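What follows is each chain in one-letter form.
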Amino acid sequence: MNYRYSDYSVEELYKEIGKLKEKAQKAEQLGNISEVQINERKMQVALAYTMNPDDFGSNEEYELKMDPGFTFKINYINGVFAWGHRVNLLKEVYEKEEAIPISLLGKKVTD
């Protein structure tokens, strides 16, 4: 049976994250890189459901956990996804808007 992560309890989410981590490790041992990436993305989404979207604000900028050369400026939050733009070390804002799970956001950037 397939459920949406939004239907899971926090305990079920952590169990699912554990399973996905195992799958990613097995795929890595087999050299199946795309399978590793798929499972890591699923893990990030599941992890986002264990977090509170209200902890993140529009027009705020946060470190990107998986991409230390960038920060992420939030336009708005929709569910457990932050919509916004990447900002590089030169403070150049990328044109393309994207959605990322809030689990990928690190510390808030303060000027």
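Residues numbered from 1 in each chain as written. Predicted model: local features only at pLDDT ≥ 70, side-chain atom pairs only at ≥ 80, totals over all residues. Heavy atoms only, no water.

A.B. asks: Is there a simple way to explain the packing of aromatic side chains in this structure?
C.D. replies: How two aromatic rings sit relative to each other is set out by the distance from centre to centre and by the angle between their planes. Applying the stated criterion across every chain, the model contains five aromatic pairs. In this structure an aromatic cluster arises from ring pairing among Tyr5, Tyr8 and Tyr49. The side chain of arginine 86 reaches across the aromatic face of phenylalanine 70, ending 5.8 Å from its centre. (Phe/Tyr/Trp six-rings, centres within 6.5 Å; stacked < 30°, edge-to-face > 60°. Lys NZ or Arg CZ within 6 Å of the ring centre and 35° of its normal.)

A.B. asks: Would you mind going over unusual backbone geometry with me for this structure?
C.D. replies: For residues besides glycine, phi is generally negative; the peptide bonds are generally trans as well. Positive phi is not limited to glycine here, since asparagine 59 has a value of about 65°. What makes asparagine 59 exposed here is its relative accessible area of 58%. A positive phi is found at lysine 91, a non-glycine position, where the angle reads about 65°. By secondary structure assignment, the location of lysine 91 is in the loop between β3 (81-88) and β4 (98-101). (Buried < 20%, exposed > 50% of the residue type's maximum accessible area, 1.4 Å probe, protein only. Helix = DSSP H or I, 4+ residues; strand = E, 2+ residues; numbered from the N terminus.)

A.B. asks: Please clarify how the nonpolar core should be interpreted in this entry.
C.D. replies: In this structure, Phe72, Ile74, Ala82, Ile100, Ile102 and Leu105 are the most contacted members of the largest nonpolar core, which totals 13 residues. Elements supplying a minimum of two residues to this core: β1 (61-64) and β2 (70-78). In this structure, isoleucine 102 is in contact with Ala48, Met51, Asn52, Pro53, Phe56, Ile77, Val80, Phe81 and Ala82, ignoring residues within four places of it in sequence. (Core = buried A, V, L, I, M, F, W, Y, C linked by side-chain atoms within 4.5 Å. Contact = heavy atoms within 4.5 Å.)

A.B. asks: Where do I start with the side chain of asparagine 88 in this structure?
C.D. replies: Looking at the element boundaries, asparagine 88 is found in strand β3. In terms of polar contacts, asparagine 88 uses its side chain to reach the side chain of glutamate 92, at 2.7 Å. When residues no more than four places from it in sequence are discounted, the contact partners of asparagine 88 are Gly69, Phe70 and Tyr94. (Polar contact = N/O pair within 3.5 Å; in protein donor to acceptor, adjacent residues only side chain to side chain.)

A.B. asks: Is there a simple way to think about the layout of surface pockets in this case?
C.D. replies: The probe, sized like a water molecule, is rolled over the atoms to show the empty space still left. A volume near 290 Å³ is recorded for the largest pocket. Looking at the largest pocket, it is lined by 13 residues, and the ones nearest its centre are Arg41, Gln44, Met66, Arg86 and Leu104. Elements represented by at least two residues in the lining of the largest pocket include exactly α2 (33-48) and β4. Looking at which element gives the most residues to the lining of the largest pocket, the answer is α2, with five residues. When grouped by side-chain class, the residues that make up the lining of the largest pocket number seven nonpolar, two polar and four charged. (1 Å grid on protein atoms, 1.4 Å probe; cavity = no way out; pocket = protein on both sides within 12 Å on 5 of 7 lines; lining within 4 Å. Points joined across faces, edges and corners; volume = space filled by probe spheres on them. Nonpolar A, V, L, I, M, F, W, Y, C, P; charged D, E, K, R; others polar.)

A.B. asks: I keep staring at the packing of helix α1 (residues 10-29) against α2 and nothing clicks. Help me out?
C.D. replies: Running from amino to carboxyl end, α1 crosses α2 at an angle of 165°, the nearest separation of the two axes being 8 Å. Judged by the angle between their axes, α1 and α2 are roughly antiparallel. With respect to the hand of their crossing, α1 and α2 are arranged in left-handed fashion. Mapping the contact onto sequence places Leu13, Tyr14, Ile17, Leu20, Lys21, Lys23, Ala24, Ala27 and Glu28 in α1 and Glu35, Val36, Asn39, Lys42, Met43, Ala46 and Leu47 in α2. (Axes fitted to C-alpha atoms, helices over the stretch in contact; angles between N-to-C directions. Parallel < 35°, antiparallel > 145°, perpendicular 65-115°, else oblique. Left-handed = near helix turned anticlockwise from the far one by under 90°.)

A.B. asks: What is the right way to read α2 from this model?
C.D. replies: Each α-helix turn comprises 3.6 residues. Residues three or four places apart therefore point the same way. Between its first and last C-alpha atoms α2 spans 23 Å; for 16 residues at 1.5 Å apiece the expected length is 22 Å, and the two agree. Looking only at α2, the buried set comprises Val36, Asn39, Met43, Gln44, Ala46 and Ala48. Against α1 and β4 lie the buried residues of α2. (Expected span 1.5 Å × (residues − 1).)

Shape descriptors only; they carry no functional weight alone.
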